[in-house]
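Fold and geometry: a report
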Amino acid sequence: MSGDLEDGMIAIGTVMSTNCCVTLLYISVDCVYSRPMYFSKRLYKAMKGLGTEDDNLVRIIVSRSEIDLPEIKVLFKDSYNKSLNEWVHGDTSGDYRDALLAIIGPE
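Residues numbered from 1 in each chain as written. Predicted model: local features only at pLDDT ≥ 70, side-chain atom pairs only at ≥ 80, totals over all residues. Heavy atoms only, no water.

1. Let's talk about the nonpolar core
Short version of the rule: The definition of a nonpolar core used throughout is a set of buried Ala, Val, Leu, Ile, Met, Phe, Trp, Tyr and Cys residues joined through side-chain atoms within 4.5 Å. Type-normalised accessible area, obtained with a 1.4 Å probe on protein chains alone, sets the label of each residue: buried when under 20%, exposed when over 50%, and partly exposed for intermediate values. For the purposes of this entry, the term helix denotes a DSSP run of H or I that reaches at least four residues, the term strand denotes a run of E that reaches at least two, and both are numbered from the N terminus. Any two residues whose heavy atoms approach within 4.5 Å at even a single point are treated as in contact.
Core analysis: the biggest nonpolar cluster contains 15 residues, and Leu43, Met47, Leu57, Ile61, Leu84 and Val88 have the highest contact counts within it. Where this core is concerned, the elements lending two or more residues are helix 2 (35-47), helix 3 (54-64), helix 4 (69-80), helix 5 (84-91) and helix 6 (94-104). It is helix 2 that contributes the most residues to this core, 4 residues altogether. Once residues lying within four places of it in the same chain are set aside, the contact partners of Leu43 are Leu57, Ile60, Ile61, Ile72, Phe76 and Leu84.

Okay, structure coming up:
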């Protein structure tokens, strides 16, 4: 490679690495500051817009169900003006919906 091309690729790699580090730092700080708020935001992102990120939705609901899901539900409703139950009910259907709502529990 010529010097200019190699320098350009190194510069691009440095910028991408910096952006990745900043992103990871932001996620880490957000999660450490308030885990329930972090997971509330992740649930919202999994359901907003067209389609649902089912893997993220299931992973978060199941993994947090015995830890801090009640607190996540309160923060979710405070942040997005609808309960987590309402969002899940509107974004899912059938037995899948029933299973998620059973894990989430009543409002």
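2. Description of the packing of helix 5 against helix 6
When two helices pack together, their arrangement is given by the angle between the helix axes and the distance between those axes. Just so we agree on the cut-off: The axes used here are C-alpha line fits, helices contributing only the stretch in contact, and every angle between their N-to-C directions lies in the interval 0 to 180 degrees. Oblique is the label for any angle not under 35 degrees, not over 145, and not in the 65 to 115 range, which are roughly parallel, roughly antiparallel and roughly perpendicular in turn. Amino acids are sorted into nonpolar (Ala, Val, Leu, Ile, Met, Phe, Trp, Tyr, Cys and Pro), charged (Asp, Glu, Lys and Arg) and polar (every other residue, Gly among them).
One can describe the packing of helix 5 onto helix 6 by two numbers: an axis separation of 9 Å at closest approach and a directional angle of 170 degrees. Considering the angle they form, helix 5 stands roughly antiparallel to helix 6. Here Leu84, Asn85, Val88 and His89 of helix 5 lie close against helix 6, whose contacting residues are Arg97, Leu100, Leu101 and Ile104. The class makeup of the residues in the contact of helix 5 with helix 6 is 5 nonpolar, 2 polar and 1 charged.

3. As for the packing of aromatic side chains
The way to describe two aromatic rings as a pair is by their centre distance and the angle between their planes. Note the following rule: Only Phe, Tyr and Trp rings are paired, with Trp represented by its six-membered ring, and only when their centres lie within 6.5 Å; those with planes under 30 degrees apart are stacked, over 60 edge-to-face, the remainder tilted.
Under the definition given, this model contains 5 aromatic pairs. An angle of 65 degrees between the planes, with centres 5.2 Å apart, marks the rings of Tyr44 and Trp87 as edge-to-face. Pair noted here: Tyr44 is in helix 2 and Trp87 is in helix 5, with a separation of 43 residues, a long-range link. Take Tyr44: its relative accessible area is 24%, and that puts it in the partly exposed class. A centroid spacing of 5.9 Å and a plane angle of 85 degrees characterise the contact between Phe76 and Trp87, whose relative ring orientation is edge-to-face. Pair noted here: Phe76 is in helix 4 and Trp87 is in helix 5, with a separation of 11 residues, a long-range link. The same class applies to Phe76 as to Trp87, namely buried. Among the aromatic residues, those joined into a cluster by ring pairs are Tyr44, Phe76, Tyr80 and Trp87.

Honestly, it's all geometry; don't read function into it.
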